[in-house]
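One-letter residues, chain by chain:
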Amino acid sequence: MVAQQKMNQEDRKGLVNESAKTRKAREKLKLQHRIQDEKITSEALDNTTEDIRRWISKHASNRVILRDKNISLFNENQNPAKISRTIESVFQKIKKEISS
């Protein structure tokens, strides 16, 4: 009865009724979502947090000490990218116009 009312409301909105296959897939996804939500508890989050901390501690010897490295996001164009042919041709045209 409730499902029929929903379908009638969808018909009024100009939507096509969903097929039985689509309805079944929707219900399956809702079930999977509900099960997944039930697995997310504060205890599960605490356990995962502890697992991550243990993993970080276990792999601490592999860490690179960044204080000893000279890292920058922009290297003052010490290694610029190659200029594309299109940009080079535009540059040459502008250069000719300026020199003319």
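Conventions adopted
- Residues numbered from 1 in each chain as written.
- Predicted model: local features only at pLDDT ≥ 70, side-chain atom pairs only at ≥ 80, totals over all residues.
- Heavy atoms only, no water.
- Helix = DSSP H or I, 4+ residues; strand = E, 2+ residues; numbered from the N terminus.
- Buried < 20%, exposed > 50% of the residue type's maximum accessible area, 1.4 Å probe, protein only.
- Areas by Shrake-Rupley, 256 points an atom, 1.4 Å probe, with all protein chains shown as cover.
- Patch = residues over 30% accessible without salt bridge, like charges linked within 9 Å, V, L, I, M, F, W, Y side chains within 5 Å.
- Salt bridge = Lys/Arg side-chain N within 4 Å of Asp/Glu carboxyl O.
- pLDDT = per-residue confidence, 0-100.

*Asks:* Mind showing me how you'd approach the overall build of the protein here?
*Replies:* The number of helices and strands found in the protein is 4 helices and 0 strands. Listed by position from the N terminus, the elements making up the protein come as α-α-α-α. Here the protein holds 100 residues, and the buried ones make up 1% of them. Taken as a whole, the protein presents about 10,400 Å² of accessible surface, with 55% of it coming from carbon and sulfur.

*Asks:* I keep staring at a nonpolar patch on the surface and nothing clicks. Help me out?
*Replies:* On the surface, I52, W55 and I56 cluster together to form a nonpolar patch covering roughly 320 Å² of accessible area. On the secondary structure map, I56 appears in helix α3 (residues 42–58). The class for I56 is partly exposed, based on a relative accessible area of 40%.

*Asks:* I tried to follow the pattern of salt bridges on my own but got confused; where do I start?
*Replies:* Once their charged atoms are close, side chains differing in charge can pair, the charge on each being opposite to the other. Counted according to the given criterion, the structure contains 3 salt bridges. The salt bridge partner of R26 is E18, with a shortest N-O separation of 2.5 Å. For R54, the salt bridge is made with D51, and the minimal N-O distance between the two is 3.0 Å. You can see R54 and its partner D51 sitting in helix α3, 3 residues apart, about one turn around the helix. Given a relative accessible area of 41%, D51 falls into the partly exposed group. Several salt bridges converge on common partners, so that one network encompasses E18, R23 and R26.

*Asks:* Where do I start with the confidence of the model for the protein in this structure?
*Replies:* Note: predicted coordinates in regions of low pLDDT should not be interpreted at a detailed level. On average, residues of the protein carry a pLDDT of 84, and 81% of them reach 70 or more. For the protein, the element scoring lowest by mean pLDDT is helix α1 (residues 2–12), at 57; α3 scores highest, at 95.

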